[in-house]
Amino acid sequence: MSLSLALIAVLAIAVAAGLFARNRASGLRGGGARLNSLPNYHGLYVALWAALPALMFLAVWAPTQASLVNEAVLASPVGRQLPDFELARDTILDEAREIATGEREVGFNPESTSLAPIYAQASAKYAAIGGAIAMVIALAAGLFAMRRVRVDFRARSGVERWMMGLLLAASLIAILTTLGIVLSLLFESLRFFKLVSPSEFLFGTSWSPQMALRADQAGSSEAFGSVPLFWGTIFIGAIIAMIVAIPLGLMCAIFLTQYAHPTVRSWLKPILEILAGVPTVVYGYFAALTVAPMIRDLGLAIGISSASSESALAAGLVMGIMIIPFVSSMADDSIAAVPQAMRDGSLALGATKSETIKKVVLPAALPGVVGGVLLAVSRAIGETMIVVMAAGLAANLTANPFESVTTVTTQIVQLLTGDQEFDSAKTLAAFALGLALFIITFILNFIALRVVRKYREAYE
């Protein structure tokens with residue numbers, strides 16, 4: 001029995017137990033008794049008791065089973081002959097697992113073919129054990145809950161407690177995931193800062209992480225100054241893109257909510273939001289093949305000899321177009337949520353429609369507008385494909401929008417692409433860049449939250 005079959009069996013037991021409990025509660029009500037909770041709550045309560053403990057056991061058993069299977073394979077006569085080198089042993093075990101599951105026919109290492117039947121037998125054995133235990137747990141928990149199906153039992157409260165526990169578990173998973181991400185970034189970044197000075201990383205103006213094979217090769221100094229990368233990120237994502245996205249997105253939201261006819265709005269709003277669903281690689285093609293050559297020709301026409309076919313302006317313009325829906329949607333919802341009484345009061349005092357929008361509606365909707373801008377900035381900072389295809393990979397510290405620049409996320413992708421050694425400064429630099437970007441984003445969000453709270457108190 002595989003774990004998938006065990007999962008299906010557990011769910012079947014839970015459904016059967018829930019239906020039986022509901023019928024039993026309906027029978028109690030049919031006898032003239034007044035139930036504290038509806039029969040559906042009794043059925044759901046028993047089904048949750050039968051399913052959730054068994055499912056939690058299967059979630060714990062799955063990684064445990066993998067370890068037990070590996071130990072059983074290594075304890076076999078063929079497994080004891082494997083090399084002591086951990087990486088080679090793990091590779092052979094992975095090949096044996098793939099052969100046993102049918103993912104491949106033969107392995108690169110001859111030992112893996114011999115171990116495949118042993119692996120399949122051990123996997124089936126421990127899967128059967130785990131499945132049997134899970135079904136026993138489901139049956140026992142279902143019977144335990146079934147004893148509570150009585151007239152005075154508050155099944156609804158029990159269901160709500162289970163749901164509260166599930167919501168709490170979901171919240172903890174999100175929190176622990178965030179904590180794990182931060183700790184992993186912090187741990188690897190500390191390893192990087194043992195090899196490279198923090199001051200050089202934070203204040204250096206030269207970025208060349210390539211490791212040279214000879215002393216006379218370019219990049220042999222391994223410069224890790226991150227200032228050009230963060231400047232490129234701010235220049236493209238927070239300056240050029242925002243100059244495009246904020247005015248256009250805000251004006252789109254104002255038109256759709258204040259001026260457009262309902263029929264026009266019903267057509268234009270979905271068309272505008274289609275931009276958010278276009279893959280970023282499509283924007284990258286558009287930027288590289290259409291916008292970038294136009295920007296280069298424009299720069300040469302006005303006398304800028306350094307205008308490049310890969311420029312910050314091309315990437316920033318296309319990125320700004322891409323994130324218009326993020327600004328527009330949040331601003332649209334915030335403006336639409338402003339009470340009509342505020343608009344009517346302003347108009348009654350003699351203000352024009354445009355004055356009402358500027359003096360009343362936009363200030364009241366400011367928290368939502370700021371939220372949309374923050375969402376757009378986060379989206380722009382994390383964008384990679386457009387920068388790779390339209391802005392290039394050169395880490396230039398320049399304010400000329402016609403020159404090539406790069407961003408933090410682009411360099412992270414470049415550093416982690418392919419087979420890398422995770423004990424070199426070049427690879428560990430990606431984690432330091434990620435940590436610095438996380439801290440900067442956190443600070444910006446904190447400042448923006450303070451601003452939002454200040455204006456929210458003024459208009460609530």
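Residues numbered from 1 in each chain as written. Predicted model: local features only at pLDDT ≥ 70, side-chain atom pairs only at ≥ 80, totals over all residues. Heavy atoms only, no water.

**Comments concerning the environment of arginine 379**
Relative to the assigned elements, arginine 379 resides in helix α14 (residues 366-381). Arginine 379 sits in the partly exposed class, given a relative accessible area of 28%. Distance in space between the C-alpha atoms of arginine 379 and isoleucine 271 is 20 Å, their sequence separation being 108 residues. Apart from the residues lying within four places of it in its own chain, the contact partners of arginine 379 are Thr280, Met322, Ile323 and Phe326. (Helix = DSSP H or I, 4+ residues; strand = E, 2+ residues; numbered from the N terminus. Buried < 20%, exposed > 50% of the residue type's maximum accessible area, 1.4 Å probe, protein only. Contact = heavy atoms within 4.5 Å.)

**Details of empty space enclosed by the protein**
A full pass over the atoms with the stated rule returns one cavity of 30 Å³ or more. Approximately 30 Å³ is the volume attributed to the largest cavity. Sorting the residues of the lining of the largest cavity by element identifies α14 and α17 (425-459) as the ones contributing at least two each. The element contributing the most residues to the lining of the largest cavity is α14, with four residues. Its residues assigned to classes, the lining of the largest cavity shows four nonpolar, three polar and no charged. (1 Å grid on protein atoms, 1.4 Å probe; cavity = no way out; pocket = protein on both sides within 12 Å on 5 of 7 lines; lining within 4 Å. Points joined across faces, edges and corners; volume = space filled by probe spheres on them. Nonpolar A, V, L, I, M, F, W, Y, C, P; charged D, E, K, R; others polar.)

**Here we look at the layout of surface pockets**
By volume, the largest pocket is sized at about 330 Å³. Looking at the lining of the largest pocket, the elements with two or more residues in it are α2 (39-75), α3 (86-100) and α4 (110-146). When its residues are assigned to classes, the lining of the largest pocket shows nine nonpolar, five polar and three charged.

**Quick look at the environment of proline 363**
With respect to the element layout, proline 363 can be found in helix α13 (residues 353-364). Residue classification places proline 363 among the buried residues on the basis of a relative accessible area of 17%.

**Notes on the packing of helix α7 (residues 227-259) against helix α8 (residues 262-277)**
For the pair α7 and α8, the least separation of the axes is 10 Å and the interaxial angle reads 155°. By the angle class used here, α7 and α8 are roughly antiparallel. Remark: the crossing between α7 and α8 carries left-handed chirality. Of the residues in α8, those in contact with Cys252, Phe255, Leu256 and Thr257 of α7 are Arg265, Leu268, Lys269 and Leu272. In terms of residue class, the contact of α7 with α8 is built from five nonpolar, one polar and two charged. (Axes fitted to C-alpha atoms, helices over the stretch in contact; angles between N-to-C directions. Parallel < 35°, antiparallel > 145°, perpendicular 65-115°, else oblique. Left-handed = near helix turned anticlockwise from the far one by under 90°.)

**Overview of the environment of glycine 204**
Within the secondary structure layout, glycine 204 lies in the loop between α6 (198-203) and β1 (207-208). For glycine 204, a relative accessible area of 16% puts it in the buried group. Discounting residues that sit within four places of it in the chain, glycine 204 has contacts with Ser199, Gly225, Ser226, Val227 and Pro228.

**Considerations on the pattern of salt bridges**
In the structure shown here, the tally under the stated rule is seven salt bridges. Across the pair glutamate 188 and arginine 191 runs a salt bridge, and its minimum N-O distance is 3.0 Å. Taken together, the residues glutamate 188 and arginine 191, both in helix α5 (residues 155-195) and three residues apart, mark about one turn of the helix. The exposure class of glutamate 188 is buried, given its relative accessible area of 16%. Lysine 269 is paired through a salt bridge with glutamate 273; the nearest N and O atoms lie 3.2 Å apart. Residue lysine 269 and its partner glutamate 273 are both found in helix α8; the two are separated by four residues, about one turn of the helix. Overall, lysine 269 belongs to the buried group, its relative accessible area being 17%. One continuous salt-bridge network, built from bridges that share partners, spans Arg265, Lys269, Glu273 and Asp332. (Salt bridge = Lys/Arg side-chain N within 4 Å of Asp/Glu carboxyl O.)

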